[in-house]
Each structure stands twice: as C-alpha cells, then as structure tokens.
Amino acid sequence: MTIDNQPQKTLFIPLIKMLLDASFVMLAVGSGYYLRFYSFLVEFIPITQGIPPARNYFYFGLLLIAVFLLLFGSFSAYRTRFFSSFRQEFSQVLQICLLGILIAMSAAFLYRGFSYSRVVFLLLYVLLNIYLLAGRYLFHRIKRGLLSRGFSSVRVCVVGSGVNVQRVIERLNIDEGHNLDVVSYVAEQQQEIELDYLGALEELPGVLEKEHGLNGIVIALDHEQHTELMKILRATEGRNVELFYVPDILDILTANVQGFEI
C-alpha cells in the first residue's frame, strides 16, 4: 500500500455508508407509500382523498435523503476513520430518525401545494428505524470484510510507554471497528509483542526517515511522558503521517480504546 492511493481508499468506505443510507431512506418512503395506499391497511384506514401520485412522494424522498445525510454528517457518522461499531451506532440512528422525521414533517406541512398523509409519516418513522438499522448492520459487515482484506487500512506505529503501548496494541488487535494496521512500535524498551520493535522514543526521527511505509502514528504516552508529546510532533513535522492520540486519563486505556478520537 502506498501513501498516494490512501485518500481514495479512505473515502470509499464512508461513501458506501452514504449510499446505503440514501438507498434505505428512499426504500422506506416507497414502502410507506405502498403500505398506506395499496396494502391491507386500506381496509382498516380508508382512503378519503384519493391516491396521490407517487412522484410527490419520490420528491419527498429526495428531500428526506438530504435531511438525513446532513443529520448523519453533523453527528460525524461519515468520518474517514472508522472507530464505531454497529452497537455504538444503534442509539445514534434512533435519535436521527426522530429528528429527521420531525424536520421532514415540518417541511412537508409548510408546503401548501400538496397534502401528505399523516399515516404515511407514522409508517415512515417506523420503517426508517428498521431500514436504517438494517443498513448500518449491512455496512459494518461490508466494512469488516474490506478491512480484513487490508482495504483502506492505515499502517501505523504505536509510540509511547511500554505498558500503554502493549495495552493499545492488544485492544486494537481485538477490536474490528477500526482500519488501523499496527505493524511496529516505539518504546523505551522492547516488549513481549510480536511486532517490529523500532527503538526508543529518542530514535523516532530516524525511524520515520527509514520507515517510508508508515501512514500514521498512535501516541500512547502515560501521564509521566506527556512532555514528550512535543518531541513526537516535531519528529513528524512535514511528513505525510496521521497522528492518533490515546489519552491516559482515568484509566481510559483499560476501559475502552475503541472510542478514542484521533
């Protein structure tokens, strides 16, 4: 893997997520329209004003796609670095479905040229939750398959104290919700880790000179080494590597590395 094609590969997986969201939103609109006007529900909830043209709901679906993509984007759902799992996104999807349907209903009822069915909105809210959660589950299956084959993976070196380095590497090896491929580490002394040991922290500038295949550095300093952070930043200055910082605060490392922001 080279650094030149990394941005394109990095953007590909979030694009899959956006396309799945857009597809399932439109599918929810189409399903809601069909259930309201052509299914068995007609027997229980009679149609009093005739069947509206499907194109009006198609245009509404386009509006709804824009609303949901903006909402998901504002919640950082389309980040190019993947540290969330399906379980973590579950509550986010439910929250955005509620916000999205409220915004869409407000926009629809402000439009006086056509009256949308309130029953469709009720069905749509239920279907959006089901379809978008299904879409998220499908996305994480696709993502896991791509990442397991090395697609869009970021070759990183973990830099920090011996204990923290070992904990971070163990967590990253267990967790499948990210696209970090840990290939080496830098610490004050060699650890019992089956990865390339590149030397002590003082040797980092030389390491970066020789290791041209690295795309990023995961910083895992303990509370006594925070003064070394500036040295790491200076060593990476002007180099095409990403920095990932794992804070050593309140035993975050022992709890959950999966959610660290980098």
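Residues numbered from 1 in each chain as written. Predicted model: local features only at pLDDT ≥ 70, side-chain atom pairs only at ≥ 80, totals over all residues. Heavy atoms only, no water.

(A) Inspection of the packing of helix α3 (residues 54-74) against helix α5 (residues 118-148) at higher detail. For the pair α3 and α5, the least separation of the axes is 14 Å and the interaxial angle reads 50 degrees. Judged by the inter-axis angle, α3 sits oblique to α5. You can see that α3 and α5 cross each other, and the crossing is right-handed. Residues Tyr57, Phe60, Leu64, Phe68 and Phe72 of α3 pack against Val120, Phe121, Leu124, Leu128, Leu132 and Arg136 of α5. Its residues assigned to classes, the contact of α3 with α5 shows ten nonpolar, no polar and one charged. (Axes fitted to C-alpha atoms, helices over the stretch in contact; angles between N-to-C directions. Helix = DSSP H or I, 4+ residues; strand = E, 2+ residues; numbered from the N terminus. Parallel < 35°, antiparallel > 145°, perpendicular 65-115°, else oblique. Left-handed = near helix turned anticlockwise from the far one by under 90°. Contact = heavy atoms within 4.5 Å. Nonpolar A, V, L, I, M, F, W, Y, C, P; charged D, E, K, R; others polar.)

(B) The pairing of strand β4 (residues 216-220), seen in detail. Burial runs high along β4: five of the five residues are buried. Residues Gly216, Val218 and Ala220 of β4 are buried on one face, and the alternating residues Ile217 and Ile219, pointing to the opposite face, are buried as well. Note: strand β1 (residues 154-160) against β4, five bridges, orientation parallel. Its bridge partner being in β4, Val159 is matched across the sheet by Ile219. Judged from the four bridges that link them, β4 and strand β5 (residues 242-245) form a sheet pairing that is parallel. When the sheet's bridge partners are listed, Val218 is paired in β5 with Phe244. (Buried < 20%, exposed > 50% of the residue type's maximum accessible area, 1.4 Å probe, protein only. Pairing = 2+ DSSP bridges.)

(C) Structural context of a nonpolar patch on the surface. There is a patch of nonpolar side chains on the surface, built from Leu15, Met18 and Leu19 and spanning about 260 Å² of accessible area. Within the fold, Met18 resides in helix α1 (residues 6-38). (Patch = residues over 30% accessible without salt bridge, like charges linked within 9 Å, V, L, I, M, F, W, Y side chains within 5 Å. Areas by Shrake-Rupley, 256 points an atom, 1.4 Å probe, with all protein chains shown as cover. Salt bridge = Lys/Arg side-chain N within 4 Å of Asp/Glu carboxyl O.)

(D) Representation of unusual backbone geometry within the structure. For Ser76, which is not glycine, the phi torsion reads 60 degrees and is therefore positive. If you trace the backbone, Ser76 turns up in the loop between α3 and α4 (86-110). Since its relative accessible area comes to 41%, Ser76 is described here as partly exposed.

(E) Structural context of the packing of α3 against α4. Viewed as axis vectors pointing N to C, α3 and α4 meet at an angle of 135 degrees, and their least axial separation amounts to 9 Å. Classified by the angle between their axes, α3 and α4 sit oblique to one another. Here α3 and α4 pass one another in a crossing that is right-handed. In contact with Phe60, Leu63, Leu64, Val67, Phe68, Leu71 and Phe72 of α3, α4 contributes Gln92, Val93, Ile96, Cys97, Leu99, Gly100, Ile101, Ile103, Ala104, Ala107 and Ala108. Looking at side-chain class alone, the contact of α3 with α4 contains 16 nonpolar, two polar and no charged residues.

(F) Quick peek at the sheet that holds β1. Here we have five strands laid out as an open sheet, ordered β3-β2-β1-β4-β5, and parallel in their pairing. Strands at the two margins of the open sheet, each flanked by one partner only, are β3 (196-197) and β5. Note that β1 and strand β2 (residues 180-186) share six bridges and pair parallel. When the sheet's bridge partners are listed, Cys157 is paired in β2 with Ser184.

(G) Expanded view of the environment of Ile16. In this fold, Ile16 is placed in helix α1. Along the sequence, Ile16 and Phe139 sit 123 residues apart, while their C-alpha atoms lie 7.4 Å from each other. Every residue in contact with Ile16, bar those within four places of it in the chain, is listed here: Phe139, Ile142 and Leu146.

(H) Up close: the pattern of salt bridges. The tally for this structure, following the rule as stated, stands at four salt bridges. Residues Glu89 and Lys17 are paired through a salt bridge, measuring 2.7 Å at the closest nitrogen-oxygen approach. With a gap of 72 residues between them, Glu89 in helix α4 and Lys17 in helix α1 connect regions that are remote in the sequence. Note on accessibility: Glu89 and Lys17 belong to one class, buried. One salt bridge in this structure joins Glu209 and Arg239, with 2.8 Å as the shortest N-O distance. On the criterion of sequence distance, the pair formed by Glu209 in helix α7 (residues 204-210) and Arg239 in the loop between α8 (229-236) and β5 is long-range, its members being 30 residues apart. Residue Arg239 is classed as partly exposed on the basis of its relative accessible area of 30%.

(I) Quick peek at the packing of aromatic side chains. Evaluated as defined, the whole model comprises 14 aromatic pairs. Between Tyr33 and Tyr38, the ring centres sit 6.0 Å apart and the planes meet at 55 degrees, which makes this aromatic pair tilted. Take Tyr38: its relative accessible area is 47%, and that puts it in the partly exposed class. Taking the centre distance of 5.2 Å and the plane angle of 40 degrees together, the rings of Tyr185 and Tyr197 count as tilted. Note that Tyr185 is positioned in strand β2 and Tyr197 in strand β3, a separation of twelve residues in sequence. Connected via pairs of aromatic rings, a cluster forms that spans Tyr33, Tyr34, Phe37, Tyr38 and Tyr57. Note that Arg136 overlies the ring of Phe72, its terminal NZ or CZ placed 4.4 Å from the centroid. (Phe/Tyr/Trp six-rings, centres within 6.5 Å; stacked < 30°, edge-to-face > 60°. Lys NZ or Arg CZ within 6 Å of the ring centre and 35° of its normal.)

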